[in-house]
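Topology and contacts: notes
What follows is the residue order along each chain.
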Amino acid sequence: MTDITRILVLGGCRSGKSRFAKQTADNMAMDKKIYLATCVPTDREMKTRVKRHQDDRGPDWATIEEPIRIHETIDRACTQAKVILVDCLTLWISNLLFQGKDEAGIMSAVDLLEDALNRATCPVVLVSNEVGYGIVPENSLARQFRDMAGLVNQRVARAVDKVIVSMAGIPVQIKPESGNGQGLGKEI
Amino acid sequence: MTDITRILVLGGCRSGKSRFAKQTADNMAMDKKIYLATCVPTDREMKTRVKRHQDDRGPDWATIEEPIRIHETIDRACTQAKVILVDCLTLWISNLLFQGKDEAGIMSAVDLLEDALNRATCPVVLVSNEVGYGIVPENSLARQFRDMAGLVNQRVARAVDKVIVSMAGIPVQIKPESGNGQGLGKEI
Amino acid sequence: MTDITRILVLGGCRSGKSRFAKQTADNMAMDKKIYLATCVPTDREMKTRVKRHQDDRGPDWATIEEPIRIHETIDRACTQAKVILVDCLTLWISNLLFQGKDEAGIMSAVDLLEDALNRATCPVVLVSNEVGYGIVPENSLARQFRDMAGLVNQRVARAVDKVIVSMAGIPVQIKPESGNGQGLGKEI
């Protein structure tokens, strides 16, 4: 572990997680900020959302779209960036599944991501959705996706220095644990 | 901002959020408590639930049913109430959607609500569901509802003085941040 | 209340809750650990999962499968165990529903569980899923299940000494409240 900060921002749908992650990155650097988008927009709803997010970020951000090999993009981006924002891991998992990857394949991809995070020479902020707090989905693919999302979140949460859960736009830090001595956010 | 307390109580289904909100209001006033119900019961399941909640509240509570224009009800109720409990914002959003409101229309309604909260002359406790921590719903209306619910929760969370998340009946305060200096519940 | 610790570990799907619960139990005793499985595997996916969990636990654990009458199993297990791990309450609720129990029947079952927890002579760690943070399910049985899961989690959370929510593998203690004086995890 270097002293480079790696931060995971978790949250539900429309919980403000991307906005918080972006502001966190903006607080870390004035320029040379790279937005690593895992989203490959395929319908109008997604395209509108992607475009709005790009406009929101402003001109001091460069965008790289990479749906699958994000570890390589992180490696390369580190040579020129002051901070990298990966948004988001949930779509990355979805992309891996659509590519035909099974659990083992996805865990291998997380190994590569973890290595890239460990050797990163600039701060990396990663955004991910929490999708496992509803009832069990009826269709098997949705269950598999939900399982993978949960496992990947656990792996990445363990690998990073800081984990924030965004709830209704309010960032709640769960790692490292707060200093109250009662195990809040204490990792095992 | 006045020194009138505005509190948002968030939680999942059957998380104890309404009970906690009601007890919070009960701790604030002995009488002149107004329950602003956004629910217009349309089937037996809902009617039973509404009736049970009314019985639970007791005689020191008056109930006003208002599915849409809750900002006006808050304005009027303030002239006579010691505390107002709005239960819940999720059904209010649902009502706005069924009325044909789009995102812009719902955000305008939140503007009006925010104004009413800012000029409220008695404490207001608002209840809302967290619905965005499951997998993406397959049907488009459900996705829209989920998006709106998340956005409204963010707006209201920013507008109020205190945000509590109820988890398995245990209230967890996420705003204002706790005093541990580590950013728990720190708003950006 | 005795000084025997009862702990509820809550979490979403693949949130690391079972692993955390198991490690908590492992920290409490070196041997004589009983795993009370409420799961009766009925398809290959479940059987694989059950088998993997058994292998993970190792030889210092004994497994008892009991889908319904877990209060009796806790009573009996206490005479020989140093710690009991109940995994999980969500499947137990599901089993009770499939047996034809309604809300009253399930609440009676929780009464019996609560009594067993109160007279337990060894620590008991219970695992349960949080399933109420997604949108309202379309089918009525899923809604009923979700309601029951939420109510049971509230009841058990009130009965135990400690409640931990596992988020992305990070345990966050919400009961007893942390010592920051701001009501985090303060029970009402």
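Worth saying up front: this structure is predicted, and the values here are computed from it rather than measured.

1. Quick word on unusual backbone geometry
The residue after A:D87, namely A:C88, is reached through a cis peptide bond having omega 0°. Within the secondary structure, A:C88 is located in the loop between β4 (83–87) and α4 (89–98). One non-glycine residue, C:K32, lies in positive phi territory at about 50°. Counting through the fold element by element, C:K32 comes out in the loop between α1 (17–28) and β2 (33–37). Here the phi dihedral of C:A168 falls at roughly 50°; this positive angle occurs in a residue that is not glycine. Along the chain, C:A168 turns up in the loop between β6 (162–167) and β7 (170–175). In this structure C:A168 comes out as buried when scored by relative accessible area, which is 3%.

2. Quick look at the interface of chain B and chain A
Between chain B and chain A, the contact holds 29 residues from the first and 34 residues from the second. Overall, the association of chain B and chain A removes approximately 2400 Å² of surface from exposure, summing both partners, and the carbon and sulfur fraction of that is 59%. Linking chain B with chain A are 2 salt bridges. Put simply, A:E45 and B:R143 hold a salt bridge, and the shortest N to O gap is 3.5 Å.

3. Points about the packing of helix α5 (residues 103–119) of chain B against helix α6 (residues 140–159) of chain B
Residue and element names in this part refer to chain B. Packing of α5 against α6 leaves a shortest axis separation of 11 Å and a crossing angle of 20°. Considering the angle they form, α5 stands roughly parallel to α6. Here the hand of the crossing between α5 and α6 comes out right-handed. Of the residues in α6, those touching α5 at E103, I106, M107, V110, D111, L113 and E114 are M148, L151, V152, R155, V156 and A159.

4. Topic: the sheet that holds strand β5 (residues 124–129) of chain C
All names here are of chain C. With respect to topology, 7 strands assemble into an open sheet ordered β3-β2-β4-β5-β1-β6-β7, the strand pairing being mixed. With one partner strand each, in any of the chains shown, β3 (61–65) and β7 form the two edges of the open sheet. Averaged over all adjacent pairs, the angle separating strand axes in this sheet is 20°, with direction ignored. When strand β4 (residues 83–87) meets β5, the two strands line up parallel, connected through 4 bridges. Pairing of I84 across the sheet is with V124, part of β5. Packed onto the sheet, helix α6 (residues 140–159) meets β1 (6–11), β5, β6 and β7 and runs at close to 145° relative to β1.

5. Section: the pattern of salt bridges
Residues and elements named next belong to chain A. Evaluated as defined, the whole model comprises 36 salt bridges over all chains. Between D161 and R6 there is a salt bridge, and its shortest N-O distance comes to 3.3 Å. One end of the pair, D161, is in the loop between α6 (140–159) and β6 (162–167); the other, R6, is in strand β1 (residues 6–11), and 155 residues separate them in sequence. Judged by its relative accessible area of 24%, D161 falls in the partly exposed class. What makes R6 buried here is its relative accessible area of 0%. Across the pair K22 and D26 runs a salt bridge, and its minimum N-O distance is 2.7 Å. Here D26 and K22 lie together in helix α1 (residues 17–28), a separation of 4 residues that amounts to about one turn. Among the charged side chains, a salt-bridge network with shared partners connects K22, D26, K33 and D60.

6. Focus on the side chain of A:R57
Note that A:R57 resides in helix α2 (residues 44–57). Not counting the four nearest positions on each side in its chain, A:R57 is found in contact with A:K22, A:Y35 and A:T63.

7. Regarding the side chain of C:R146
Inspection of the secondary structure puts C:R146 in helix α6. One buried charged side chain, C:R146, makes no salt bridge at all; its nearest oppositely charged neighbour is C:D147, positioned 5.1 Å away.

8. A short note on the environment of A:I74
Among the structural elements, A:I74 can be located in helix α3 (residues 70–78). Apart from residues no more than four positions distant in its own chain, A:I74 is found in contact with A:L36, A:I84, A:V86, A:L113, A:A116, A:L117 and A:V124.

9. Comments concerning the UniProt feature "binding site: GTP" (unreviewed entry) in chain A
On the UniProt side, "binding site: GTP" (unreviewed entry) is annotated at positions that read A:G11, A:G12, A:C13, A:R14, A:S15, A:G16, A:K17, A:S18, A:E65 and A:D87 here. Of the residues just listed, which span 77 residues, the most distant C-alpha pair is 23.0 Å apart, and they do not cluster in one region. Here A:G12 lies in the loop between β1 and α1. Exposure remark for A:G12: the relative accessible area of 0% places this residue in the buried category. Leaving out residues up to four positions away in the same chain, A:G12 has contacts with A:K17, A:N129, A:E130, A:S166, B:G132 and B:Y133. As for its position among the elements, A:C13 is in the loop between β1 and α1. Excluding anything up to four places from it in sequence, A:C13 contacts A:N129, B:G132, B:R146, B:D147 and B:G150.

10. A word on helix α5 (residues 103–119) of chain C
All names here are of chain C. Spanning 17 residues, α5 covers 25 Å between terminal C-alpha atoms, matching the ideal 24 Å at 1.5 Å per step. Three or more residues of α5 are buried, namely G105, I106, M107, A109, V110, L113, A116 and L117. Buried residues in α5 make contact with β1, α3 (70–78), α4 (89–98), β5 and α6.

11. Some details on the relation of the copies chain C and chain A
Of the transformation superimposing chain C on chain A, the axial component is 0.0 Å and the angular component is 120°, with the fit at an RMSD of 0.0 Å. When the rotation and shift are considered jointly, the pair of chain copies conforms to a three-fold rotation axis. The rotation axis passes nearest to the C-alpha of C:G134 in chain C, at a distance of 2.5 Å.

12. Quick look at the interface of chain C and chain A
With 35 residues of chain C in contact, the opposing surface of chain A contributes 29 residues. Summed over both sides, the interface between chain C and chain A buries roughly 2400 Å², with carbon and sulfur atoms accounting for 60% of that surface. Two residues, C:R14 and A:D147, come together in a salt bridge whose shortest N-O distance is 3.6 Å. Inspection of the region where chain C meets chain A yields 10 residue pairs in polar contact (both at pLDDT 80 or more). Among the elements of the structure, α1, α2 (44–57), α6, β6 and β7 of chain C are those that each provide at least two residues to the side of chain C that touches chain A. With 4 residues, the single largest contributor to the side of chain C that touches chain A is β7(C). Its residues placed into classes, the side of chain C that touches chain A shows 14 nonpolar, 14 polar and 7 charged.

Calculation rules
- Residues numbered from 1 in each chain as written.
- Chains lettered and ligands numbered in written order.
- Predicted model: local features only at pLDDT ≥ 70, side-chain atom pairs only at ≥ 80, totals over all residues.
- Heavy atoms only, no water.
- Helix = DSSP H or I, 4+ residues; strand = E, 2+ residues; numbered from the N terminus.
- Buried < 20%, exposed > 50% of the residue type's maximum accessible area, 1.4 Å probe, protein only.
- Contact = heavy atoms within 4.5 Å.
- Buried area = accessible area lost by both parts, 1.4 Å probe.
- Salt bridge = Lys/Arg side-chain N within 4 Å of Asp/Glu carboxyl O.
- Axes fitted to C-alpha atoms, helices over the stretch in contact; angles between N-to-C directions.
- Parallel < 35°, antiparallel > 145°, perpendicular 65-115°, else oblique.
- Left-handed = near helix turned anticlockwise from the far one by under 90°.
- Pairing = 2+ DSSP bridges.
- Lys, Arg positive; Asp, Glu negative; His and termini not counted.
- UniProt positions renumbered as here; feature names shortened; annotations may be inferred.
- Expected span 1.5 Å × (residues − 1).
- Least-squares fit on C-alpha atoms with pLDDT ≥ 70 in both.
- Polar contact = N/O pair within 3.5 Å; in protein donor to acceptor, adjacent residues only side chain to side chain.
- Nonpolar A, V, L, I, M, F, W, Y, C, P; charged D, E, K, R; others polar.

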